[in-house]
Amino acid sequence: QVRLVESGGGSVQPGGSLRLDCAASGKINNIYNMAWYRQPPGNQRELVADITRGGSAKYADAVRGRFTITRDNAKNTVTVSLQNNSLQPENTAVYSCYCLTRVLDERLDYWGQGTQVTVSS
């Protein structure tokens, strides 16, 4: 089992920045990819950024160049962060942390509870 706890959401004016953090605990040695997803109001959840165990990142076209995902593989926890710069109203969404674990042939997905990001003037 893995537990994901997000922090750092909130309200910001257009052009502002926010940093989201997600701390993973439990069987963290089984974690492979970690990612941030978001679900804008009235829309489906979408991938924002993904990062592998080795630190290779990929981004959605809409955020590439403005958002940065990083990962810290410590001894007892794994933290994945999302630095959001130049936020715009269309970035308003519930942002959720995700991780993929693998043990032999078993794959399990875990999600955090989500954190609200609101961009408005």
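The present account deals with the structure reproduced in this document. (Residues numbered from 1 in each chain as written. Predicted model: local features only at pLDDT ≥ 70, side-chain atom pairs only at ≥ 80, totals over all residues. Heavy atoms only, no water.)

## Re the sheet that holds strand S7 (residues 67-73)
(1) Moving on: As summarised here, the arrangement of the four strands in space is S1-S3-S8-S7, forming an open sheet in which the pairing is antiparallel. The open sheet has two edge strands with one neighbour each: strand S1 (2-7) and S7. Strand-to-strand twist of the sheet, defined as the mean angle between neighbouring strand axes without regard to direction, takes the value 15 degrees.
(2) Moving on: Across seven bridges, the pairing between S7 and strand S8 (residues 78-84) is antiparallel. Bridge pairing links Thr70 to Ser81 in S8. (Pairing = 2+ DSSP bridges. Helix = DSSP H or I, 4+ residues; strand = E, 2+ residues; numbered from the N terminus. Axes fitted to C-alpha atoms, helices over the stretch in contact; angles between N-to-C directions.)

## As for the state of the cysteines
(1) Moving on: Under the definition given, this model contains one disulfide.
(2) Moving on: Note that Cys22 is cross-linked by a disulfide to Cys97, the S-S spacing being 2.1 Å. Judged by the torsion about the S-S bond (-80 degrees), the Cys22/Cys97 disulfide is left-handed. Residue Cys22 is found in strand S3 (residues 18-26), and its partner Cys97 is found in strand S9 (residues 93-103); the two are separated by 75 residues along the sequence.
(3) Moving on: Assessed through its relative accessible area of 0%, Cys22 is described here as buried.
(4) Moving on: We classify Cys97 as buried; its relative accessible area is 0%.
(5) Moving on: The structure places no disulfide on Cys99, whose sulfur is separated from the nearest cysteine sulfur, that of Cys97, by 6.8 Å. (Disulfide = S-S within 2.5 Å. Buried < 20%, exposed > 50% of the residue type's maximum accessible area, 1.4 Å probe, protein only.)

## Here's the deal with the packing of aromatic side chains
(1) Moving on: Evaluated as defined, the whole model comprises three aromatic pairs.
(2) Moving on: Where Tyr37 meets Tyr98, the ring centres are 5.7 Å apart and the plane angle is 70 degrees; that geometry is what we call edge-to-face. Of this pair, Tyr37 sits in strand S4 (residues 31-39) while Tyr98 sits in strand S9, and the two are 61 residues apart along the sequence.
(3) Moving on: Taking relative accessible area as the criterion, Tyr98 reaches 7% and is therefore assigned buried.
(4) Moving on: Between the NZ or CZ atom of Arg45 and the centre of the ring of Trp111, over which it lies, the distance is 3.7 Å.
(5) Moving on: Just above the ring of Tyr32 sits the side chain of Arg53; from NZ or CZ to the centre is 4.2 Å. (Phe/Tyr/Trp six-rings, centres within 6.5 Å; stacked < 30°, edge-to-face > 60°. Lys NZ or Arg CZ within 6 Å of the ring centre and 35° of its normal.)

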